[in-house]
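Structural overview
Residue-level listing of the chains:
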Amino acid sequence: MTMTILSLGVLAGLFGLLLGYSSVRFRVEGDPLADKIDSLLPQTQCGQCGFPGCRPYAEALVAGEAEINLCVPGGEDTISVLAETLGREVLPLSDEHATHVPALAVIIEEYCIGCTKCIQACPVDAIVGAAKQMHTVIEQECTGCELCVPPCPVDCIDMRPIKADTSTWAWPQPQLASGVKN
Amino acid sequence: MARLHTFPGGLKLEGHKTISTGQPILKAGIPERLFVPLNQHIGSPAECTVEKGEHVLKSQMIGSVTDYVAVPVHAPSSGTVIDIQKFPAAHASGLPNDVVIIEPDGKDEWLERKPLPDITELDPSELRNMIRCAGIVGLGGAAFPTFIKLNPVGRQISTLILNGAECEPYISCDDMLMRERPHEIIDGAKIMRHALNAGKVIIAIEENKPEAIDSLQALADDLDWLDIQSIPVIYPTGGERQLVKVLTGKDVPSQGLPLDLDLVVSNVATAAAVHRALDHQQPLISRIITVTGSGVRSPRNIEALIGTPMSDLIDLAGGYTEDADRLIMGGPMMGITLKTDATPVVKASNCLLVQTPADHATEAITRPCIRCGECVKVCPVKLLPQQLYWFSQSKNLEGLQTHNLFDCIECGCCSVVCPSHIPLVQYFRYGKSEIWKKEQETVKSDRARERTEARIQRLERVKAEKKALHAARAKKNAAGADRKKEIQAAVARTKAKKAESTSSTENPDT
């Protein structure tokens with residue numbers, strides 16, 4: 001009896017030490033779940049969810065401080081992957097009237113006064129220019145977040161929807177004839 | 001004759017080829033307007049090098065390229081560029097593409113052509129460059145730049161396979177080319193063999209084209225490097241991988257190329273285009289196209305300039321029948337539906353098929369999948385179409401990829417045999433483009449994340465720098481205050497001294 005208690009006690013102690021050591025030695029830096037959630041978000045950095053960017057929203061989601069249906073650019077697809085990853089119920093988009101049309105910001109250069117306000121607002125540094133110099137948007141880097149539009153004192157930034165062309169066109173999902181269910 | 005092999009699956013389809021092979025190839029002549037798209041190949045589009053109002057000569061380059069996977073575009077006839085604008089493209093989307101519109105002057109005046117030195121004395125890389133400059137792409141339908149295919153990238157190519165199988169129903173342009181112009185194909189084969197430094201060349205032709213086999217065989221008898229191989233008629237034996245399997249018994253690896261087996265496969269019409277480009281300095285400005293189907297009165301093969309509107313070809317083939325209702329570029333199995341017959345002929349247009357309602361009557365009656373497994377039996381790539389169909393329907397992109405969707409050659413066998421008439425290939429095309437879209441989005445969002453993080457770091461750095469600067473200034477100010485005090489003290493001391501000395505000097509006076 002004592003032998004059993006003793007040996008089990010010794011084993012328990014050893015394993016405890018081993019676990020304690022490995023939790024220090026193999027400690028994971030950062031928050032892997034937040035990283036994963038962040039990778040599922042569209043990285044528009046638009047702040048429409050109420051958080052100042054995609055990463056803060058991801059962290060709030062992990063902490064359970066935010067609903068999963070706040071990302072307007074991500075839409076239903078993002079809601080369903082978030083629901084799956086976080087084990088929550090699928091919800092309809094919080095702002096049901098919000099529609100996201102992929103667009104690019106375009107600065108109408110003849111009106112630009114070079115105030116640099118849009119440059120400071122851009123979350124991905126996609127606007128180049130300097131004080132009293134004309135500014136322009138780097139098309140490839142623009143996420144279409146619209147954050148540069150309100151600060152512009154002369155309203156010279158247009159959001160132009162991205163037009164589909166033969167290189168970006170995708171095949172539509174075939175529609176089954178009515179009444180067919182699989 | 002070498003021993004042949006078989007590939008899994010496949011179908012015996014009714015050919016419908018004789019309806020368009022009764023008459024010789026007709027030369028279409030110069031249309032009223034030429035609509036030459038700048039993007040006619042797989043890869044980046046060409047950039048326009050001419051301006052509105054400019055006069056161009058036949059074979060003059062009108063679109064140049066800088067990217068590797070791209071070839072230039074040439075003027076199909078002499079005339080005036082009247083506009084460069086968007087025009088419906090020969091593309092499944094029917095979306096507009098950039099097109100150079102030329103009004104021909106009717107003179108068909110060539111750019112000055114200089115005779116080339118003997119081909120066999122040219123370096124293979126020079127040869128490839130010439131083939132590129134002539135704008136040559138694969139004419140079997142995929143329009144992949146030929147010069148890239150002709151680069152063996154360090155491998156010793158054993159065999160160049162010229163594909164004359166033409167297994168898809170209705171299409172007969174390669175058949176007519178082989179019958180009427182076998183020397184062009186063989187001269188082209190010579191050049192391609194030299195560019196690849198390949199051992200031998202096999203021209204593979206389906207057994208149902210005896211005239212083509214005879215006409216090529218008559219020229220091949222004296223050439224020890226050339227074999228004409230007749231192969232059994234089974235769809236899709238003209239697919240690159242299937243043809244390699246039939247001729248060699250080897251499997252091209254998944255996601256690989258015939259090059260991995262030291263083989264190169266090219267279309268017979270491409271070989272003829274290579275011959276024209278290097279022996280006659282004619283860039284790719286025309287091609288043979290089969291105009292056929294139950295919707296045209298007099299189906300036939302027509303040699304048309306690139307940029308000729310499809311409607312002109314319909315007129316040359318006797319016009320539409322009363323019940324014609326659908327235009328397809330390519331064959332009935334793999335072709336794409338065109339929205340308008342104003343669409344111009346492009347380098348990839350091997351066939352213009354006009355259908356009537358009877359040809360596609362089954363499409364309207366799609367029923368649920370009954371899990372019969374017929375699609376699995378006919379798949380030449382040994383995929384599970386039924387499984388892929390479920391995945392595609394539920395947008396399970398991961399499932400699609402683990403079940404090798406990208407090995408699907410979209411031959412359409414599964415759609416044809418499906419007793420429920422499910423458009424399976426449409427589902428697979430949809431799945432593929434969803435995966436590509438997702439990949440592009442991931443690349444874009446990763447970049448946006450990197451840039452955001454870099455920005456946050458930069459802002460923090462700037463903040464820290466500012467703070468440091470303020471601290472330094474405050475220190476300086478504090479130091480300045482000390483110095484002031486010191487100076488004040490010194491001033492006070494001097495003043496006191498002065499006062500002392502004046503009082504002492506005053507003293508003797510008193």
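Everything quoted here is computed from the prediction, not taken from an experiment. Along each chain, the written sequence defines residue order, and numbers are assigned to residues from 1. For this description, chains carry letters from A and ligands carry numbers from 1, given in the order in which they are written. Local features are withheld for residues below a pLDDT of 70 in this predicted model, meaning they are given only at 70 or higher, and side-chain atom pairs are given and counted only at 80 or more; totals for whole chains, interfaces and linings count all residues.

1. Considering the overall build of chain B
Formally: Secondary structure elements follow DSSP: runs of H or I no shorter than four residues count as helices, runs of E no shorter than two count as strands, and numbering proceeds from the N terminus. Two things to know: the radius of gyration comes from C-alpha atoms, and the globule rule equals 2.2 Å times the number of residues to the power 0.38. Contact between residues is assigned whenever the C-beta positions, reconstructed from backbone atoms, fall within 7 Å.
Counting its regular elements, chain B contains 14 helices and 17 strands. Relative to the 2.2 N^0.38 estimate, which gives 24 Å for 510 residues, the radius of gyration of chain B is 35 Å and therefore markedly larger than a compact globule would have. Overall, chain B is about 145 × 65 × 50 Å in size when its C-alpha atoms are taken along their principal axes. Look at the contacts in chain B between residues 6 or more apart in sequence, and 72% of them connect residues 24 or more apart.

2. Comments concerning the overall build of chain A
The criterion, for reference: A residue is called partly exposed when the number of other C-beta atoms within 10 Å of its own lies between 12 and 20, exposed at 12 or fewer, and buried at 20 or more, with C-beta atoms placed from the backbone.
Counting its regular elements, chain A contains five helices and four strands. A globule of 182 residues ought to have a C-alpha radius of gyration of about 16 Å, yet chain A, at 25 Å, is considerably larger. With the C-alpha coordinates aligned to their principal axes, the bounding extent of chain A is approximately 90 × 60 × 30 Å. Burial analysis of chain A (182 residues in total) assigns 21% to the buried set. Relative to all contacts within chain A whose residues are 6 or more apart in sequence, the contacts with residues 24 or more apart total 56%.

3. A word on the interface of chain B and chain A
Threshold: Each residue is assigned to one class: nonpolar for Ala, Val, Leu, Ile, Met, Phe, Trp, Tyr, Cys and Pro, charged for Asp, Glu, Lys and Arg, and polar for all the others, Gly among them.
Across the boundary between the two partners, chain B contributes 25 residues, which contact 23 residues of chain A. The element contributing the most residues to the side of chain B that touches chain A is helix H14 (residues 424–509) of chain B, with 13 residues. Residues that form the side of chain B that touches chain A fall into these classes: nine nonpolar, nine polar and seven charged.

4. Some details on the nonpolar core
Residue and element names in this part refer to chain B. To keep it simple, the criterion reads: Put simply, a nonpolar core is a cluster of buried Ala, Val, Leu, Ile, Met, Phe, Trp, Tyr and Cys residues tied together by C-beta atoms within 7 Å.
Ranked by internal contacts, the top residues of the largest apolar core, which has 126 residues, are Leu162, Ile289 and Leu352. Ranked by the residues each element gives to this core, the list is headed by helix H8 (residues 268–280), at eight residues. Leaving out residues up to four positions away in the same chain, Leu352 has contacts with Ile289, Val291, Met310, Leu313, Leu327 and Met329.

5. So, the pairing of strand S7 (residues 79–88) of chain B
Put simply, side chains in a regular strand alternate between the two faces of the sheet. All names here are of chain B. This is how the line gets drawn: The pairing criterion is simple: DSSP has to find at least two bridges between the two strands.
The sheet contact formed by strand S4 (residues 55–56) and S7 spans two bridges and is antiparallel. Bridging from a neighbouring strand, Val56 pairs with Gly79 of S7. Judged from the nine bridges that link them, S7 and strand S8 (residues 96–104) form a sheet pairing that is antiparallel. Counted as the bridge partner of Gln85 is Val99 from S8.

6. Some details on helix H11 (residues 385–393) of chain B
Turn by turn, an α-helix covers 3.6 residues, leaving residues three or four places apart pointing in a common direction. Pro385, Gln386, Leu388, Tyr389, Phe391 and Ser392 of chain B are the residues of H11 of chain B that are buried. Just downstream of H11 of chain B lies Lys395 of chain B, where phi reads positive at about 55°.

7. A word on the domain arrangement of chain A
All names here are of chain A. Heads up, the condition is: Source of the domain bounds: an automatic or database domain assignment.
Domain annotation for chain A reports domain 1 (32–86) and domain 2 (103–161). Its C-alpha centre places domain 1 at a distance of 25 Å from the equivalent point of domain 2. Residue classes in the side of domain 1 that touches domain 2 are distributed as one nonpolar, five polar and no charged.

8. Structural notes on the sheet that holds S8 of chain B
The sheet built from four strands is open, its strands ordered S2-S8-S7-S4 (chain B) with antiparallel pairing. Edge positions in the sheet fall to strand S2 (34–37) and S4 of chain B, since each has one partner strand and no second.

9. Let's talk about the environment of Ile171 of chain B
Within the fold, Ile171 of chain B resides in the loop between strand S9 (159–164) and helix H4 (173–180). Residues in contact with Ile171 of chain B, not counting those within four places in the same chain, are Glu166, Thr290, Gly331, Asn350 and Cys351 of chain B.

10. A closer look at the sheet that holds S9 of chain B
Residues and elements named next belong to chain B. Stated formally: Each axis is a line fitted through C-alpha atoms, taken for helices only over the stretch in contact, and angles between the N-to-C directions span 0 to 180 degrees.
Strand order in this open sheet of four strands is S11-S10-S9-S12, and the pairing throughout is parallel. What marks the edges here is a single partner per strand, and that holds for strand S11 (226–231) and strand S12 (263–267). Across the sheet, the mean angle separating the axes of adjacent strands is 25° when strand polarity is ignored. Where strand S10 (residues 200–206) lies against S11, six bridges are found, and the strand directions are parallel. The partner of Ile205 across the bridge, within S11, is Ser230. In the packing of helix H6 (residues 210–220) onto the sheet, contacts are made with S9, S10 and S11, and the angle to S11 comes to roughly 160°.

11. A closer look at the pairing of S2 of chain B
All names here are of chain B. The alternating pattern of S2 places Leu34 and Val36 on one face and Phe35 and Pro37 on the opposite face, and all of these are buried. One ladder, built from four bridges, connects S2 with S8; its direction is antiparallel. By the bridge assignment for S8, Phe35 is matched with Ile101.

12. Let's talk about the environment of Glu84 of chain A
Within the element layout of this structure, Glu84 of chain A appears in helix H4 (residues 75–86). The spacing of Glu84 of chain A and Val24 of chain A is 60 residues in sequence and 31 Å in space, taken between C-alpha atoms.

13. A few points about unusual backbone geometry
All names here are of chain B. Going from Tyr235 to Pro236, the amide bond is cis rather than trans, its omega being 0°. Inspection of the secondary structure assignment puts Pro236 in the loop between S11 and helix H7 (240–248). Positive phi values are uncommon outside glycine, yet Glu166 reaches one of about 45°. Positionally, Glu166 belongs in the loop between S9 and H4. A positive phi angle is found at Tyr170, which is not glycine, with a value near 75°.

14. Quick look at the packing of H4 of chain B against H6 of chain B
All names here are of chain B. The cut-off we apply is this: By convention the crossing between two helices is left-handed if the near helix lies anticlockwise of the far one by an angle smaller than a right angle, and right-handed if it lies clockwise.
Orientation of H4 relative to H6, taken along the N-to-C sense of each, is 35°, at an axis distance of 7 Å. In the crossing of H4 with H6, the sense of the turn from one axis to the other is left-handed. In contact with Asp175, Met178 and Arg179 of H4, H6 contributes Glu211, Ala212, Ser215 and Leu216. Residues of the contact of H4 with H6, tallied by class, amount to three nonpolar, one polar and three charged.

15. Examining H4 of chain B
Taken across its eight residues, H4 of chain B has seven buried, putting it largely inside the fold. Looking only at H4 of chain B, the buried set comprises Cys173, Asp174, Asp175, Met176, Leu177, Met178 and Arg179 of chain B.

16. Overview of the confidence of the model for chain B
Heads up, the rule is: Per-residue confidence from the predictor is reported as pLDDT, which spans 0 to 100.
For chain B, mean pLDDT is 91; residues scoring 70 or higher make up 98% of the total. For this predicted complex, the interface confidence reaches an ipTM of 0.81, while the overall pTM sits at 0.83.

17. Thoughts on the packing of helix H2 (residues 32–40) of chain A against helix H3 (residues 54–62) of chain A
Residue and element names in this part refer to chain A. To be explicit about the condition: Between 65 and 115 degrees an angle is taken as roughly perpendicular, under 35 as roughly parallel, over 145 as roughly antiparallel, and anywhere else as oblique.
Direction vectors running N to C along H2 and H3 enclose 130°, while the axes themselves pass 8 Å from each other. In terms of their interaxial angle, H2 and H3 are classed as oblique. Handedness of the crossing formed by H2 with H3: right-handed. Taking contact as the criterion, the partners of Leu33, Ala34, Ile37 and Asp38 in H2 are, on H3, Cys54, Arg55, Ala58, Glu59, Leu61 and Val62. Taken together, the residues of the contact of H2 with H3 sort by class into seven nonpolar, no polar and three charged.

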